[in-house]
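# Tertiary structure, described
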Amino acid sequence: MRKKLSSALLLPVSVLCALLLILGLYRLNGSSMIIGTASYTATQAAEPKTSEDEFNSWLKTIFQNQITANTLNLHFTLADPSAADIPQYPVTFGELSAQNASSELASLENIKKELHTYDTSSMSLQAQITYDILEDSIARSLDMAPYFYYDEILSSTNGVQSEYPILLAEYTFRSKKDIEDYLDLLSQYDTYFSQVCTFEKEKAKRGMFMNQKAAENLITQCRAFIPEDSENSFWETTFKERLEQTVKLSAKEKKNYIKKNHELLQEHVYPAYRRLIAVIKALKKENQNSQGLCYYEDGKKYYQMLVKSKTGSARSIPELQKMTEAQRNKNLSELALLAADSSRPASSESVKRQNDEDQSAPAASYSTIPYKTPEEMLEHLKTKIQSAFPKAPKARYTVKNVNEKLQDFLSPAFYLTAPIDRFTENCIYINPGNNYNDIELFTTLAHEGYPGHLYQTVYSYTVQMPPIRYILYHGGYTEGWATYVEMLSYDYAGLDDKTAHALMLNQDATLSLYATIDMGVHYDGWSLADTADFLGGFGITQTSVISKIYQAIIENPANYLKYYIGYLEFLNLKEQAKSYFANDYSELMFHTAVLNMGSAPFYILEKYMVKYYNAAK
């Protein structure tokens, strides 16, 4: 998570949830395949298995093995594990080590062999697409396995150092067992962080440690999680609040739990951060590459695989670069036409918008938006999307502000995923430090809420996919969908048509700048000076802003591509549907088909699009 770089040039969203925390929970070099610590041995079959019931039963076993390998992931995926035939499970953060990764790979190879004993050609569409998605996830995980140390467990936007505290602060206490599991996790905090420290030391030995600026940012971030006043810290206040909401706890039990929580924080959590700070300080000068991934051995090859994994796009980097540039040029041309046809100064110069007060503002009057609170905006969005999107199940939500002390280090907004078996309770976090104006808040809530992450998540639970589907993360689909509907939301905001369209084009164009820089830095080897030259062509010249953009992209390779390339792939998928179905095309059917297919790489969505569209009629 990062400081605000610019209100226009900062992607305004990030899903924060256990399902999406592949980084710290079941991480295998940035791949999207969930890998647990439990071993799995394949069976041998003389002939292909064709029973869908048998296939689903096997998928359920895989799900159970993987979901219990990390208690955070389990807790945020299932409210009641016993109802999913998981009566017992170890309490653990999992294990981060090369040795464990090696054993996980062996298990993954066995899963692959077992998967190939099934023939889904006569099974349902759901079984067929699940087979393809699982096979693809396994293949990408195996391909990326040799690049274990290319990954970064302490990423500034989604590192364990900042995401685990938020997940623990939102760890719902539905029973005494949940409280005890939570406290057990706290007792293991320093042990897990020791593994993180070992991982970083190994990266340093290989010349792959983060650059000094990233290390300094990380140290500052870690210090924010060590409170000066422990008893009034978010660690303790959120714990007490959750205890108060837990039924059937006596006053004595609450007092004992509060005492235990305080002790564990002092003995395990805060020391974990202090040790991490010390290790990062000691390694800070070990960095041998302050630029993009392409400067590492096989770095360009790794980046190409990383982009495919994060975006779900099968296109080459040069193809993605051309696609991004073409979309940006189209947007800027349309903006120029709007400027020529309107008294409002809507033009390509609007991409210059920066965080600083003295920069030119976007071309629009935001005071025309009648919705002022997040709740009003979300309720309005729920109403506006009804004609173009399938009906979602009823679900409640809470909008919370990020803790004041953490605002500088967390994303501008994020949605916390609800459990599969209790999706009626949802939470969206807004970071007041981002200083949203009305239209920015409105479109951000569209991204995080309706018809974005919250809507897409709760709708997917009604499709009744095999549970394994819900723990296979595809960032291009998830963030691409949210960015796609964010762009649509400008038309829902109550602005006049020209202003709404100009703002959408501006947002599209500015997000494209991030995508181009990401590929330029990590694939073509752009320096800070190269980045400055590129942005200078769009009137962005502030040195401090450019440096922050460059550093954010250095620290989080391919992160921005999840949003923008995912968005462009949705536009491409939409055009394919329009071309194929012609007069039979409708927005409702397209969105229904996309949502019914569920999270997947785009090359798999393309394969099944027509069948799912026809099934949605």
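Residues numbered from 1 in each chain as written. Predicted model: local features only at pLDDT ≥ 70, side-chain atom pairs only at ≥ 80, totals over all residues. Heavy atoms only, no water.

### As for the overall build of the chain
Of regular secondary structure, the chain possesses 22 helices and three strands. In the chain, buried positions account for 63% of the 617 residues. When contacts within the chain are restricted to residue pairs at least 6 apart in sequence, long-range pairs at least 24 apart make up 80% of them. Put simply, the chain shows about 23500 Å² of open surface, and 48% of that area lies on carbon and sulfur atoms. (Helix = DSSP H or I, 4+ residues; strand = E, 2+ residues; numbered from the N terminus. Buried < 20%, exposed > 50% of the residue type's maximum accessible area, 1.4 Å probe, protein only. Contact = heavy atoms within 4.5 Å. Areas by Shrake-Rupley, 256 points an atom, 1.4 Å probe, with all protein chains shown as cover.)

### Overview of the sheet that holds strand 3 (residues 425–430)
Read from one edge of the open sheet, three strands run 1-3-2, paired in mixed fashion. The sheet is open, and its two edges are formed by strand 1 (396–401) and strand 2 (413–416), each paired on a single side. With strand direction ignored, the average angle separating the axes of adjacent strands in the sheet is 20°. Pairing of strand 2 with strand 3, which is carried by four bridges, proceeds in the antiparallel orientation. Across the sheet, the residue bridging to alanine 413 is isoleucine 430, located in strand 3. (Pairing = 2+ DSSP bridges. Axes fitted to C-alpha atoms, helices over the stretch in contact; angles between N-to-C directions.)

### Some remarks on helix 21 (residues 587–597)
Within helix 21, nine of the 11 residues are buried, leaving the element largely enclosed by the surrounding structure. Within helix 21 the residues assigned to the buried category are Met589, Phe590, His591, Thr592, Ala593, Val594, Leu595, Asn596 and Met597. Close packing links the buried residues of helix 21 with helix 4 (125–144), helix 15 (453–462), helix 16 (475–489), helix 20 (559–581) and helix 22 (602–616). Phi for glycine 598, located one or two positions after helix 21, is positive at around 80°.

### What to know about unusual backbone geometry
With omega at 0°, the peptide bond leading from tyrosine 450 into proline 451 counts as cis. Counting through the fold element by element, proline 451 comes out in the loop between helix 14 (438–448) and helix 15. Positive phi is not limited to glycine here, since aspartate 85 has a value of about 60°. With respect to the element layout, aspartate 85 can be found in the loop between helix 2 (71–77) and helix 3 (98–115). The backbone phi angle of asparagine 435 is positive, close to 50°, even though this residue is not glycine. Its location among the elements puts asparagine 435 in the loop between strand 3 and helix 14. For asparagine 435, a relative accessible area of 58% translates into the label exposed.

### What about the pairing of strand 3?
With five of six residues buried, strand 3 lies mostly within the body of the structure. As judged from the six bridges shared by strand 1 and strand 3, these two strands associate in the parallel manner. Opposite tyrosine 397, over in strand 3, you have asparagine 426 as the bridge partner.

### A closer look at the packing of helix 3 against helix 4
The geometry of helix 3 relative to helix 4 is characterised by a closest axis approach of 10 Å and an angle of 150° between their N-to-C directions. In this structure, helix 3 crosses over helix 4, and the sense of that crossing is left-handed. Residue-level inspection shows Leu105, Leu108, Glu109, Ile111, Lys112 and Leu115 of helix 3 in contact with helix 4, the latter providing Tyr131, Leu134, Glu135, Ile138, Ser141 and Leu142. A per-class count over the contact of helix 3 with helix 4 returns eight nonpolar, one polar and three charged. (Left-handed = near helix turned anticlockwise from the far one by under 90°. Nonpolar A, V, L, I, M, F, W, Y, C, P; charged D, E, K, R; others polar.)

### Side note on the environment of asparagine 73
Examined against the element boundaries, asparagine 73 turns out to sit in helix 2. Measuring from C-alpha to C-alpha, the distance between asparagine 73 and leucine 167 comes to 9.7 Å, with 94 residues separating the pair along the chain.

### Describing the packing of aromatic side chains
The way to describe two aromatic rings as a pair is by their centre distance and the angle between their planes. For the structure on display, the rule yields 53 aromatic pairs. Where phenylalanine 55 meets tyrosine 131, the ring centres are 6.5 Å apart and the plane angle is 40°; that geometry is what we call tilted. Of this pair, phenylalanine 55 sits in helix 1 (residues 52–67) while tyrosine 131 sits in helix 4, and the two are 76 residues apart along the sequence. Members of the aromatic cluster, joined through ring pairs, are Phe93, Tyr164, Tyr189, Tyr192, Phe193, Phe225, Phe234, Trp235, Tyr270 and Tyr273. Stacked on the ring of tyrosine 182, the Lys or Arg arginine 242 has its end atom at 4.9 Å from the ring centre. Lysine 300 extends its terminal NZ or CZ atom over the ring of tyrosine 523, reaching a point 4.5 Å from the ring centre. (Phe/Tyr/Trp six-rings, centres within 6.5 Å; stacked < 30°, edge-to-face > 60°. Lys NZ or Arg CZ within 6 Å of the ring centre and 35° of its normal.)

### Side note on the nonpolar core
Counting residues in hydrophobic clusters, the biggest one holds 204 residues, and the most contacted among them are Tyr189 and Trp235. With 13 residues, helix 17 (residues 497–522) is the largest single contributor of residues to this core. Apart from the residues lying within four places of it in its own chain, the contact partners of tryptophan 235 are Pro165, Leu168, Tyr182, Tyr189, Phe225, Pro227, Asn261, Leu265, Val269, Tyr270 and Tyr273. (Core = buried A, V, L, I, M, F, W, Y, C linked by side-chain atoms within 4.5 Å.)

### A closer look at the pattern of salt bridges
Tallied over the full model, the rule gives 20 salt bridges. Of the charged contacts, one joins lysine 60 and aspartate 85 as a salt bridge, the two residues approaching to 2.4 Å between their closest N and O atoms. In this pair, lysine 60 sits in helix 1 while aspartate 85 sits in the loop between helix 2 and helix 3, placing the two residues 25 residues apart along the sequence. Taking relative accessible area as the criterion, lysine 60 reaches 32% and is therefore assigned partly exposed. One network of salt bridges, with partners in common, ties together Glu202, Lys205 and Arg206. (Salt bridge = Lys/Arg side-chain N within 4 Å of Asp/Glu carboxyl O.)

### Describing the environment of leucine 115
Position of leucine 115 among the secondary structure elements: in helix 3. Between the C-alpha atoms of leucine 115 and leucine 59, which are 56 residues apart in sequence, the distance is 9.2 Å. Beyond its immediate chain neighbours, meaning those up to four positions away, leucine 115 contacts Phe55, Trp58, Tyr131, Leu134, Glu135 and Ile138.

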